Number of protein chains: 2
Amino acid sequence: MNRIDLLKKKAFEEKGFDGFLIANEANMLYFAGFPGASCLLFPRDGENMLYVYGVNYEQAKAEGKGFHVELVKRDENLMAKVAAKALDFGIKKLAFDTLTVENYRSLAKSLRGKAKLKPMGKLVWELRKVKDSGEIELMRKAGELVCEGMKAAYETVKPGVREYEVAAEIEYAMRRKGSWGTAFDTIVASGARSAFPHGGCTDREIREGDLVVVDIGACYRYYRSDMTRTLVAGKPSEKQKKLYEVVKTAQQKAVQAVKAKAKAKDIDTVARKIIEEAGHGVNFVHGLGHGIGLEVHEPPALSQQSKDKLAAGNVVTIEPGIYIVGFGGIRIEDTVLVREQGSEKFTDGFYTLEAST
Amino acid sequence: MNRIDLLKKKAFEEKGFDGFLIANEANMLYFAGFPGASCLLFPRDGENMLYVYGVNYEQAKAEGKGFHVELVKRDENLMAKVAAKALDFGIKKLAFDTLTVENYRSLAKSLRGKAKLKPMGKLVWELRKVKDSGEIELMRKAGELVCEGMKAAYETVKPGVREYEVAAEIEYAMRRKGSWGTAFDTIVASGARSAFPHGGCTDREIREGDLVVVDIGACYRYYRSDMTRTLVAGKPSEKQKKLYEVVKTAQQKAVQAVKAKAKAKDIDTVARKIIEEAGHGVNFVHGLGHGIGLEVHEPPALSQQSKDKLAAGNVVTIEPGIYIVGFGGIRIEDTVLVREQGSEKFTDGFYTLEAST
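**Some thoughts on the environment of A:V282**
All names here are of chain A.
- Within the secondary structure layout, V282 lies in the loop between helix 10 (264-277) and strand 12 (289-291).
- Accessibility expressed as a relative area gives 68% for V282, which makes it exposed.
- C-alpha separation for the pair V282 and M139, spaced 143 residues apart in sequence, amounts to 33 Å.

**Brief notes about the sheet that holds strand 2 (residues 39-43) of chain A**
Residues and elements named next belong to chain A.
- The strand order across the open sheet formed by six strands is 4-3-2-1-5-6, and the pairing between neighbours is mixed. Strands at the two margins of the open sheet, each flanked by one partner only, are strand 4 (68-72) and strand 6 (116-119). Each neighbouring strand pair of the sheet contributes to a mean axis angle of 25°, computed without reference to strand direction.
- Here strand 3 (residues 49-53) pairs with strand 4 via five bridges, running parallel. Across the sheet, the residue bridging to Y53 is V72, located in strand 4.

**Things to note about the pairing of strand 1 (residues 19-22) of chain B**
All names here are of chain B.
- Alternating residues of strand 1 divide into G19 and L21 and F20 and I22, and every residue in both groups is buried.
- Pairing of strand 1 with strand 5 (residues 93-96) involves three bridges; the strand directions are parallel. Each residue of the ladder has a partner; that of L21, found in strand 5, is F96.
- Of the strand pairs in this sheet, strand 1 and strand 2 (residues 39-43) are connected by four bridges, and their pairing is antiparallel. Each residue of the ladder has a partner; that of L21, found in strand 2, is L41.

**Details of the interface of chain A and chain B**
- Listed per partner, the contact involves 46 residues of chain A and 46 residues of chain B.
- Carbon and sulfur atoms supply 55% of the area that chain A and chain B bury against each other, a total of about 3,800 Å² over both sides.
- Of all residues in chain A, A:V55, A:Y172 and A:R175 bury the most surface against chain B, accounting for 17% of the area lost on that side.
- For the pair chain A and chain B, the interface holds four salt bridges.
- Two residues, A:D203 and B:R221, come together in a salt bridge whose shortest N-O distance is 3.6 Å.
- Of all the elements in the fold, those that place two or more residues in the side of chain A that touches chain B are helix 3 (57-63), helix 5 (101-111) and helix 8 (163-176) of chain A.
- The greatest single-element share of the side of chain A that touches chain B, amounting to eight residues, is contributed by helix 8 of chain A.
- A class-by-class count of the residues in the side of chain A that touches chain B yields 18 nonpolar, 13 polar and 15 charged.

**Here's the deal with the sheet that holds strand 11 (residues 227-232) of chain B**
Residue and element names in this part refer to chain B.
- Taken together, three strands build an open sheet; the order of strands is 7-8-11 and the sheet is antiparallel. Lying at the two open borders of the sheet, with one neighbouring strand each, are strand 7 (187-190) and strand 11. Going across the sheet, the axis of each strand differs from the next one's by a mean of 15°, ignoring polarity.
- Summarising the sheet, strand 8 (residues 211-216) and strand 11 pair through six bridges and their orientation is antiparallel. Looking at the pairing, D215 lines up with T228 of strand 11.

**Structural notes on the domain arrangement of chain A**
All names here are of chain A.
- One can read the domain layout of chain A as domain 1 (3-127) and domain 2 (133-345).
- Using only C-alpha atoms to locate each centre, domain 1 and domain 2 end up separated by 35 Å.
- Taken residue by residue, the interface counts seven residues in domain 1 and seven residues in domain 2.
- In terms of surface lost to domain 2, no three residues of domain 1 exceed A26, L29 and W125, which account for 62% of the buried area on that side.

**A short note on the relation of the copies chain A and chain B**
- Between chain A and chain B, the superposition needs a rotation of 180° and an axial shift of 0.0 Å, giving an RMSD of 0.0 Å. Look at the turn and shift together and you get a two-fold axis relating the two.
- Mapped onto chain B, 100% of the interface residues of chain A are again interface residues, and the two copies thus contact each other with one and the same surface.

**Quick notes on unusual backbone geometry**
Residue and element names in this part refer to chain A.
- Following P299, the chain continues into P300 via a peptide bond in cis, with omega recorded as 0°.
- Note on placement: P300 falls in strand 13 (residues 298-302).
- A positive phi angle, near 75°, is found at K261, a position not held by glycine.
- Its place among the elements puts K261 in the loop between helix 9 (238-257) and helix 10.

**With respect to the packing of aromatic side chains**
- Counting across every chain of the model gives 15 aromatic pairs over all chains.
- With centroids separated by 6.4 Å and ring planes inclined at 65°, the aromatic side chains of A:W180 and A:Y220 adopt a geometry described as edge-to-face. Of this pair, A:W180 sits in the loop between helix 8 and strand 7 (187-190) while A:Y220 sits in strand 9 (residues 219-220), and the two are 40 residues apart along the sequence.
- Under the relative-accessibility criterion, A:W180 is labelled buried at 14%.
- One aromatic cluster in this structure is built from A:Y30, A:F31, A:F42 and A:F67.
- Sitting above the plane of the A:Y351 ring, A:R229 keeps its charged end 4.2 Å from the centroid.
- In this structure, B:K141 is placed above the aromatic ring of B:Y220, and the distance from its NZ or CZ to the ring centre is 5.4 Å.

**Some details on the packing of helix 5 of chain A against helix 5 (residues 101-111) of chain B**
- The N-to-C vectors of helix 5 of chain A and helix 5 of chain B enclose an angle of 95°; their axes lie 8 Å apart at closest approach. In terms of orientation, helix 5 of chain A lies roughly perpendicular with respect to helix 5 of chain B. Across the interface between the two elements, A:V101, A:Y104 and A:R105 of helix 5 of chain A pack against B:V101, B:Y104 and B:R105 of helix 5 of chain B.
- Tallied by class, residues from the contact of helix 5 of chain A with helix 5 of chain B come to four nonpolar, no polar and two charged.

Conventions used here
Residues numbered from 1 in each chain as written. Chains lettered and ligands numbered in written order. Predicted model: local features only at pLDDT ≥ 70, side-chain atom pairs only at ≥ 80, totals over all residues. Heavy atoms only, no water. Helix = DSSP H or I, 4+ residues; strand = E, 2+ residues; numbered from the N terminus. Buried < 20%, exposed > 50% of the residue type's maximum accessible area, 1.4 Å probe, protein only. Pairing = 2+ DSSP bridges. Axes fitted to C-alpha atoms, helices over the stretch in contact; angles between N-to-C directions. Contact = heavy atoms within 4.5 Å. Buried area = accessible area lost by both parts, 1.4 Å probe. Salt bridge = Lys/Arg side-chain N within 4 Å of Asp/Glu carboxyl O. Nonpolar A, V, L, I, M, F, W, Y, C, P; charged D, E, K, R; others polar. Domains from an automatic or database assignment. Least-squares fit on C-alpha atoms with pLDDT ≥ 70 in both. Phe/Tyr/Trp six-rings, centres within 6.5 Å; stacked < 30°, edge-to-face > 60°. Lys NZ or Arg CZ within 6 Å of the ring centre and 35° of its normal. Parallel < 35°, antiparallel > 145°, perpendicular 65-115°, else oblique.

Below, the structure is given as structure tokens:
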């Protein structure tokens, strides 16, 4: 069964809807295999619609297989056009993934009370969360590509090099091996800024003894990977080494705990306990990880607040960290496929504080 | 007057609101100078609030100057927390920039009818549309950086090279000169796919005689540039040269027409007429350009539907194109600062179909 039919089964047969509007960009890519649609409308009775402006019309016709491709003119109100078609289809109960307040109001107004509207984005996430074999193949490749970037980081980090120069080598290495771009803005955060989990990448010159957090992702045919390593420019101190071992152990044990049917919260607990026992619970300021796929942050969440249960086909990150203001930060992260028994690491290697230079 | 005070003047003094909620990511960056906040609340009477989760709390305290930085716990409802504070502040009429339906509902529920809510994102755009001297400096730099990328493209494109290999050299050149990353996903669309304005960048091997559309952007301290050139791998044909001259003339004439107080629609018309007179009006399938800044697509729009008037300090793209399915596409684009008299090009050079190789 294809993705659209699976969504229809969930939404129409199980939940009683008779139409589904997809307006989120990544969701459109997921169902249409094509970036650049303006929205998709799946009716219970009728042809699946792909709405697109002129700029992407020819591409939609070439790449958006299985849809009626509808051209939207620049002076048309897209939501009014969709509403008219929904009423044509006889839709009475229209689910949608996500809408801005303005679009919601415009759509509701044009439906004139003849169809009910309800946000049901979670049904799409139920599908997207479980990667199929084709997606797994692409994500494995995205994992291989990001490891090439990490190799370049280990070869480049040393005192006197600027953060963006490290990023240049990382991204170049990934691209030359076939990456479609970065999965998110490359982080090379050195010195004091390594204590900020999202420390970015600036023109700061890396100094002897700095911790350098390298958090990077590759992209392959729209699918993403996410990997973090922390290294030291020059010779690591005893304190850096000690904290590094805590994070490394926490990360390894958490990865070992990953398997289908495990509670996401419990995986977080495995890592958190190890860091707490080392006296740094307060310095682990984020959840253990997140799902990843077409977007870099997806369900399921791995955290103390998570109610998610892992399932075979989930792809998640495992990324404990210790962040100490004034000292710096250490994070180790891999992208991992959840299997019935255990897991498969899409990223691997470079579990060391020492650069290769 | 700083940005927040300017917004308050517009929203509170001129429009009668007494609170403004900022939830859009780029808007938060604009007002807080820091990426990673969850939302901002500006009251008429009281301290400006910056809400942030633990993962970015320390960075917010270090970088989010002039705010009361409020830690949001993972199990708290952010919208409920904001609503409670808004009521504390005595806010009765709360403007916001943009919210999802879910967040809007959650916020409205928690306000319990004691404060009115209204989307006023356009007030923020009125500010962001007009770049100040600091922003102009950063965007000029982003323009210089993207020209370095284009130079690499002209040196790399030739038969036998893959699209992503060209992207690798472009991005590497920009990064090494100090780019903070790409402004958007690099487009290197060759052959038949050059006829798609958003043709992406794949592993396709470029062939002799292919048109290659290179649409790229650099990023400098969060500000973006956008530049397109089209070249031919090998020797251009007579038809390619003829169409290229049409697009080039349309682009040059449109750039020459840019100045403060010009109607955006009229600038579009300058380019469109030239392409229409060459018999290709139907192949110019998008508007002439768009504003650019923290985001790659911002107001004002330059198109036949636009009601915008240009103002000094706007930064816009001028990017006419001709797209012929089966033949290919040609687009030439520069990023341009609108001045009282005329304009300043942030991107320039490489107005030729011939690669440098």
